[in-house]
Amino acid sequence: ILNVEQSPQSLHVQEGDSTNFTCSFPSSNFYALHWYRWETAKSPEALFVMTLNGDEKKKGRISATLNTKEGYSYLYIKGSQPEDSATYLCALSPYNFNKFYFGSGTKLNVKP
Amino acid sequence: NAGVMQNPRHLVRRRGQEARLRCSPMKGHSHVYWYRQLPEEGLKFMVYLQKENIIDESGMPKERFSAEFPKEGPSILRIQQVVRGDSAAYFCASSPIGSYEQYFGPGTRLTVT
């Protein structure tokens, strides 16, 4: 069992604030790191998948970085909007074509 | 291309009954994964299947739980003689051959009364 930890557990910000979350994982077991955005009663939606140390991905106001040597990834949201309110999950896949190990998520609430 | 479909979305069973959860992967996807989210916990892997084969069932409880992914039709997660502790959200994900990405369905919420 691989331990994937996310912090903080929840976050409340005002509209317009920028925010970031952390995903930590054991650096010795790594193939890919995935970020998902999950709204209540919907399917988790894939945001990014990263495999290489130093990877940076961006989609609109959301970006992510990866450090496989020290075992962490950051997700950044610039200028948060109420529609960004969701739970953000990270998942580690230690091998290709295999199960994911999920963190418990960061629940973001953006107040208008 | 429709996403991963799961049905039913909500299922209520009495203790001792059987629960059958269905997952139709995205078109062209031949790998299916089942995950469970217990109350106040994160998603936990249960089983990984390819068509007609169970590849990894290391996350499945030893008794009462089974899964299949037949040549034709959806993948089925079957829970026999359900107990209250089986109440959870069950999610299915699929991926195509050669991809390490998984696409998730909306889940089935099982309530055992």
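Position numbers for residues start from 1 in each chain and track the written sequence from start to end. Numbering of ligands from 1 and lettering of chains from A proceed in the order in which they are written. In keeping with the model being predicted, local features are shown solely for residues with a pLDDT of at least 70 and side-chain atom pairs are shown and tallied solely at 80 or more, while totals for entire chains, interfaces and linings include all residues. Here the side-chain values reflect all heavy atoms present in the structure, with hydrogen atoms and water set aside.

Trainee: Tell me about the pattern of salt bridges, and name the residues and values.
Mentor: Two side chains carrying opposite charge are able to pair once their charged atoms lie near each other. In the sections that follow, a salt bridge refers to a side-chain nitrogen of Lys or Arg positioned within 4 Å of a carboxyl oxygen of Asp or Glu. All chains considered together, the criterion is met by 8 salt bridges over all chains. Put simply, A:Lys42 and A:Glu39 hold a salt bridge, and the shortest N to O gap is 3.9 Å. According to the relative accessible area criterion, A:Glu39 is partly exposed, its value standing at 28%. The residue B:Arg64 makes a salt bridge to B:Asp86 at a minimum N-O spacing of 2.7 Å. Here the residue B:Arg64 occupies a position in the loop between strand E6 (53–56) and strand E7 (65–68), and B:Asp86 occupies one in the loop between strand E8 (75–79) and strand E9 (88–95), the gap between them amounting to 22 residues. Overall, B:Arg64 belongs to the partly exposed group, its relative accessible area being 25%. If you follow the salt bridges from partner to partner, you end up with A:Arg37, A:Glu39, A:Lys42 and A:Glu45 in one network. A simple rule labels every residue: compare its accessible area, found with a 1.4 Å probe on the protein chains alone, to the largest value its type can have, and call it buried under 20%, exposed over 50%, or partly exposed in between. Starting at the N terminus, helices and strands are each numbered in turn, a helix being any DSSP run of H or I of at least four residues and a strand any DSSP run of E of at least two.

Trainee: Can you tell me about the state of the cysteines, naming the residues and giving the values?
Mentor: A pair of cysteine sulfur atoms is labelled a disulfide when the two atoms are within 2.5 Å. This model, assessed by the stated rule, comprises 2 disulfides over all chains. Between the sulfur atoms of A:Cys23 and its disulfide mate A:Cys90 the distance is 1.9 Å. Where A:Cys23 bonds to A:Cys90 through sulfur, the torsion about that S-S bond is close to 70°, and the disulfide is right-handed. Here A:Cys23 is found in strand E3 (residues 19–24), whereas its partner A:Cys90 is found in strand E9 (residues 86–93), with 67 residues between them in sequence. Each member of the pair A:Cys23 and A:Cys90 is classed as buried. At a sulfur-sulfur separation of 1.7 Å, the disulfide partner of B:Cys23 is B:Cys92. As the torsion about the S-S bond is roughly -45°, the B:Cys23-B:Cys92 disulfide counts as left-handed. Here B:Cys92 lies in strand E9 and B:Cys23 lies in strand E3 (residues 19–24), a separation of 69 residues in the sequence. Among the residues examined, B:Cys23 registers a relative accessible area of 0% and is labelled buried.

Trainee: Before we move on, can you summarise unusual backbone geometry with the specific residues and values?
Mentor: In this structure, the amide linkage connecting A:Ser7 to the following residue, A:Pro8, adopts the cis form with an omega of -5°. Its location among the elements puts A:Pro8 in the loop between strand E1 (5–7) and strand E2 (10–14). Notably, B:Glu40 is not glycine yet its phi reads approximately 65°, a positive angle. By the secondary structure assignment, B:Glu40 is in the loop between strand E4 (31–37) and strand E5 (43–50).

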